[in-house]
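Okay, here's what each chain looks like letter by letter:
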Amino acid sequence: MSIGVGIIGAGIMGADHARIIAGSVAGAHLAAISDADATRAKAVADETGAGRVMADPYALIADPEVGAVLIASPDATHADYTIACIKAGKPVLCEKPLAPTAAEGLRVIEAELSAGKRLVQLGFMRRFDPGYIEVKQQLESGRFGAALAFHCVHRNATAAPHFDEAASIFSSCGHEIDITRFVLSAELTRVQVLRPRKSALARFHDPLLAVFETSAGQLVDVELFLNAQYGYDVRGELVCETGCIAFGPALNTAVRHDGVTSTSLAPDWRPRFAAAYRIQNQAWIKSISTGVPAGASAWDGYLVTVAADAGVRALTATGAIAIPQEKCPAFYSL
Ligand code: ISE
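Keep in mind that this is a model prediction, so the values were computed, not measured.

Colleague: Please clarify how the sheet that holds strand β5 (residues 92-94) should be interpreted in this entry.
Modeller: Remark on secondary structure: sheet strands pair via backbone hydrogen bonds, oriented parallel or antiparallel. Strand order across the open sheet formed by seven strands is β3-β2-β1-β4-β5-β6-β15, with mixed pairing between neighbours. The strands lining the two open edges of the sheet, one partner per strand, are β3 (52-53) and β15 (296-297). Here strand β4 (residues 68-71) runs beside β5; their pairing, made up of three bridges, is parallel. Each bridged residue has a counterpart across the sheet, and for Val-69 the counterpart in β5 is Val-92. With respect to the sheet, helix α2 (residues 38-48) is in contact with β2 (28-34) and β3, its orientation differing from that of β2 by roughly 160 degrees.

Set out below in structure tokens:
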């Protein structure tokens, strides 16, 4: 039976998810879409064949034709809509971050714990990216010995107009926090944020350099440069005892022409992580039919908010500060 998906948010990511659900995911169809901007919602509905445009996101969540909800609205609304889905007993794929503060994120955990059923998947799509999965598999093969350090580069061509240093930590560095926990199977324990010289082309302090310590003693350095101008450049190198595992930002082809060899960079994250988004959304739909959770849980999402909160405090602190360590409820460790 096909699951009717309702999407909240018809902006860049909502539209992208609508196309993926309508065109690339088996076992689901686009039942409804909602956005504060009705014209924008209608345009996406017309393009993707969504069943209905609904003005009220809470009505969409309650609608009997909506069997599962995908939240791609502004970050500050994620927690409230996710909690409404939990209360309605509907599975939800919530774009990252779970919330813009750890306190808000905790409200979602409390709601899911009291519902007593795993309903939330977080949109940390990198967990489905073939490149990151291969890095994790290579590390876990044991061939390289222990992981010692992880160098991460996170560059965007230009930051969204509402971005500031805190958004750089929450929205962009949040991906690195999640994927580091996923790849290293370790928790982040301390964070320091350094400020290289500010780019004159940035409205806020950009780039930033966040340095994390993990529970296994590794260092993770993250260069966040969201006004890098030249393209979307997310890459990394995992340094291990007997080798390094590096992965790059390139799209699929390398060309040699006119004495130059080159690879293309994506303008933003959607082409770079297109496969990851598709695989993630399919895994979500499959998890609804099998009842076996996939991807990042609400708890994973919450731990990102805890570490990002510390990162935001580190913006104005001297030196490294501790990231509070939370005990994972048994409900999430199954
Ligand atoms: C954006 O929200 C994303 O999720 C992208 O993956 C990230 O690179 C970008 O910095 C964020 O703003």
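Colleague: Could you clarify how one ought to interpret the site of the ligand in this entry?
Modeller: What surrounds the ligand is the set Lys-96, His-154, Asn-156, Phe-163, Ser-171, Ser-172, His-175, Tyr-232 and Trp-269. In this structure, His-154 approaches the ligand through a side-chain N or O atom, which is 2.6 Å from an oxygen atom. In the environment of the ligand, an oxygen atom lies 2.8 Å from a nitrogen or oxygen atom belonging to the side chain of His-175. Burial of the ligand by the protein chains amounts to 90% of its free accessible area of 300 Å². When residues of the shell around the ligand are assigned to their parent elements, the largest contribution, three residues, is made by helix α7 (residues 165-184). When the residues that make up the shell around the ligand are grouped by side-chain class, the tally is three nonpolar, five polar and one charged.

Colleague: Would you take a moment to explain helix α5 (residues 102-115) for this structure?
Modeller: Because each turn of an α-helix spans 3.6 residues, side chains separated by three or four positions in sequence point in the same direction. Over its 14 residues, α5 runs 20 Å from end to end, which matches the ideal 20 Å to within 8%, given 1.5 Å per residue. Ala-102, Gly-105, Val-108, Ile-109, Ala-111 and Glu-112 are the residues of α5 that are buried. The inward-facing, buried residues of α5 abut α4 (78-88), β6 (120-122), α10 (298-314) and α11 (330-333). Remark: Gly-116 follows α5 within two positions and exhibits a positive phi of approximately 75 degrees.

Colleague: Can you walk me through the pairing of strand β14 (residues 260-263) in this structure?
Modeller: The two faces of the sheet receive side chains in turn, since in a regular strand these alternate between them. Taken together, the four bridges between strand β13 (residues 254-257) and β14 define a ladder with antiparallel strand orientation. Bridging across to β14, Arg-256 finds its partner in Thr-261. The turn linking β13 back onto β14 is made up of two residues, and Asp-258 within it adopts a positive phi angle of 55 degrees.

Colleague: Explanation requested: the side chain of Asn-281 in the structure shown.
Modeller: Positionally, Asn-281 belongs in helix α9 (residues 274-290). Beyond its immediate stretch of four places on either side in the chain, Asn-281 contacts His-17, Ile-20, Ile-21, Val-25, Leu-70 and Leu-93.

Colleague: Sorry, what's going on with the environment of Gln-229 here?
Modeller: You can see Gln-229 is positioned in the loop between β10 (219-225) and β11 (233-240). Gln-229 sits in the partly exposed class, given a relative accessible area of 42%. Taking the C-alpha atoms as reference points, Gln-229 and Ala-159, 70 residues apart in sequence, are found 9.5 Å from one another. Apart from the residues within four sequence positions on either side, Gln-229 is in contact with Asn-156, Ala-157, Thr-158 and Leu-201. Within the structure, Gln-229 has its side chain in polar contact with the backbone oxygen of Asn-227 (distance 3.0 Å).

Colleague: Explanation requested: the pairing of strand β1 (residues 3-8) in the structure shown.
Modeller: Of all six residues in β1, six are buried; the element is thus mostly enclosed. The handedness of the β1 to β2 crossover, carried by helix α1 (residues 12-24), is right-handed. Pairing between β1 and β4: four bridges, direction parallel. Bridged to Gly-6 within β4 is Val-69.

Colleague: Can you help me understand the state of the cysteines in this one?
Modeller: Should the sulfur atoms of two cysteines be covalently bonded, the bond is a disulfide. For the structure on display, the rule yields zero disulfides. No disulfide involves Cys-94; its sulfur sits 8.5 Å from the nearest other cysteine sulfur, which is in Cys-85. Counting only cysteine sulfurs, Cys-240 is the nearest neighbor of Cys-244, a cysteine outside any disulfide, at a range of 6.8 Å. The class of Cys-244 is partly exposed, set by a relative accessible area of 43%.

Colleague: In this structure, what is going on with the packing of α7 against α10? I would like to understand it.
Modeller: A pair of packed helices is characterised by two quantities: the angle between their axes and the separation of those axes. Where α7 meets α10, the closest approach of the two axes is 9 Å, and the angle between their N-to-C directions is 130 degrees. Compared by their axis directions, α7 and α10 come out oblique. In this structure, the crossing between α7 and α10 has a hand that is right-handed. Residue-level inspection shows Ala-166, Ile-169, Phe-170, Gly-174, Ile-177, Asp-178 and Arg-181 of α7 in contact with α10, the latter providing Asp-300, Leu-303, Val-304, Thr-305, Ala-307, Ala-308, Asp-309, Gly-311 and Val-312. Here the residues of the contact of α7 with α10 sort into nine nonpolar, three polar and four charged.

Rules used throughout
- Residues numbered from 1 in each chain as written.
- Predicted model: local features only at pLDDT ≥ 70, side-chain atom pairs only at ≥ 80, totals over all residues.
- Heavy atoms only, no water.
- Pairing = 2+ DSSP bridges.
- Helix = DSSP H or I, 4+ residues; strand = E, 2+ residues; numbered from the N terminus.
- Contact = heavy atoms within 4.5 Å.
- Axes fitted to C-alpha atoms, helices over the stretch in contact; angles between N-to-C directions.
- Near = heavy atom within 4 Å.
- Polar contact = N/O pair within 3.5 Å; in protein donor to acceptor, adjacent residues only side chain to side chain.
- Areas by Shrake-Rupley, 256 points an atom, 1.4 Å probe, with all protein chains shown as cover.
- Nonpolar A, V, L, I, M, F, W, Y, C, P; charged D, E, K, R; others polar.
- Expected span 1.5 Å × (residues − 1).
- Buried < 20%, exposed > 50% of the residue type's maximum accessible area, 1.4 Å probe, protein only.
- Right-handed = clockwise from strand over helix to strand, strands pointing away.
- Disulfide = S-S within 2.5 Å.
- Parallel < 35°, antiparallel > 145°, perpendicular 65-115°, else oblique.
- Left-handed = near helix turned anticlockwise from the far one by under 90°.

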